[in-house]
Amino acid sequence: MTAVISGTADIGFMGSEASIYAYNEGANDYVVNFAQLTQRAGNFLVAREEIPDFHWTDLKDKKVLGGRKGGMPEMVFEYILRQNGIDPSKDLIIDQSIDFGSTAAAFAEGNADFTVEFEPGATNLEKEEKGYVVASLGTDSGYVPYTAFSAKKSYIEKNASVIQGFTDALQKGMDYVQKHTPKEIAEAIAPQFKETNLNTIETIVSRYYEQDTWKDNLIFEKKSFELLQDILESAEELDTRAPYDKLVTTTFAEKAAK
């Protein structure tokens, strides 16, 4: 967001909440979301043992390795807890002291009863038989606009053809995902993940595929934007709701989807 606002970057890819914060801070040339990429949170709850009939209430009186306060992964997690009648500050212990990239290792070494992990952390814990995925935060939080492409209002107005071409290219990627199997997708993206073997990539893609992580288009819908603000309010990170019609344009995505 800093790079986009300063003009260092023309287009940004980030969590959509950043555009809300920037707008509420009074930016005149605010950042507008023009293409939504993912519609599910990409993290999972991992337990020490398999729990076939898991319920979120199973976390009561347990210790969970969570994310940093105010970060989207942690806010989504706490939103789900509250939706299931659990008070994040009273009913369980959420350890937020461990660095984001180190929670899987800490869990493997015996820290906590559960951990919230992105990939490949979740799959690697399963393959090492150090943990088991028992719930998807993406599935249980609903369709959240977790990531989107955005640019300053002025840039979009002056460079509509660039934004349209960029969105058209993204739509080709979405079309590819919809028309190919997880194995084919894994093979296509494997060069980007040289540290991860192909079987693991396929497992990860399958998991995201099955939970409907990717939209079939890039249209950023209002109900998703409002759910995002519900989550921010629930986490007490939002005092004033931002207007959808100012922070989102669907013009380019709608054209790309035709």
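See above for the structure.
What this report covers is the structure whose coordinates are included nearby.

Rules used throughout
Residues numbered from 1 in each chain as written. Predicted model: local features only at pLDDT ≥ 70, side-chain atom pairs only at ≥ 80, totals over all residues. Heavy atoms only, no water. Helix = DSSP H or I, 4+ residues; strand = E, 2+ residues; numbered from the N terminus. Contact = heavy atoms within 4.5 Å. Pairing = 2+ DSSP bridges. Axes fitted to C-alpha atoms, helices over the stretch in contact; angles between N-to-C directions.

**Quick look at unusual backbone geometry**
Note that the residue after Glu119, namely Pro120, is joined by a cis bond; omega there is 5°. Positionally, Pro120 belongs in the loop between β6 (114-117) and α5 (121-127). Backbone geometry at Asp61 places phi at a positive 65°, although glycine is not the residue there. Mapped onto the elements, Asp61 comes out in the loop between β3 (44-47) and β4 (63-65). If you check the backbone angles, Asp212 has positive phi at about 65° while not being a glycine.

**What about the side chain of Asp95?**
Within the fold, Asp95 resides in strand β5 (residues 93-95). Discounting residues that sit within four places of it in the chain, Asp95 has contacts with Lys63, Val64, Leu65, Gly66 and Asn111.

**Brief notes about the sheet that holds strand β1 (residues 12-14)**
Across the sheet, three strands lie side by side as β1-β8-β2; this open sheet has antiparallel pairing. Each edge of the open sheet is held by one strand with a lone partner, namely β1 and β2 (31-38). Taking the axes of each pair of neighbouring strands and ignoring which way they run, one obtains an average angle of 30° across the sheet. Relative to strand β8 (residues 147-152), β2 runs antiparallel, the two sharing six bridges. Residue Val32 lies in a different strand from β8, and its bridge partner there is Ala151. On top of the sheet, helix α8 (residues 160-179) reaches β2 and β8; it is set at about 15° to β2, its chief contact.

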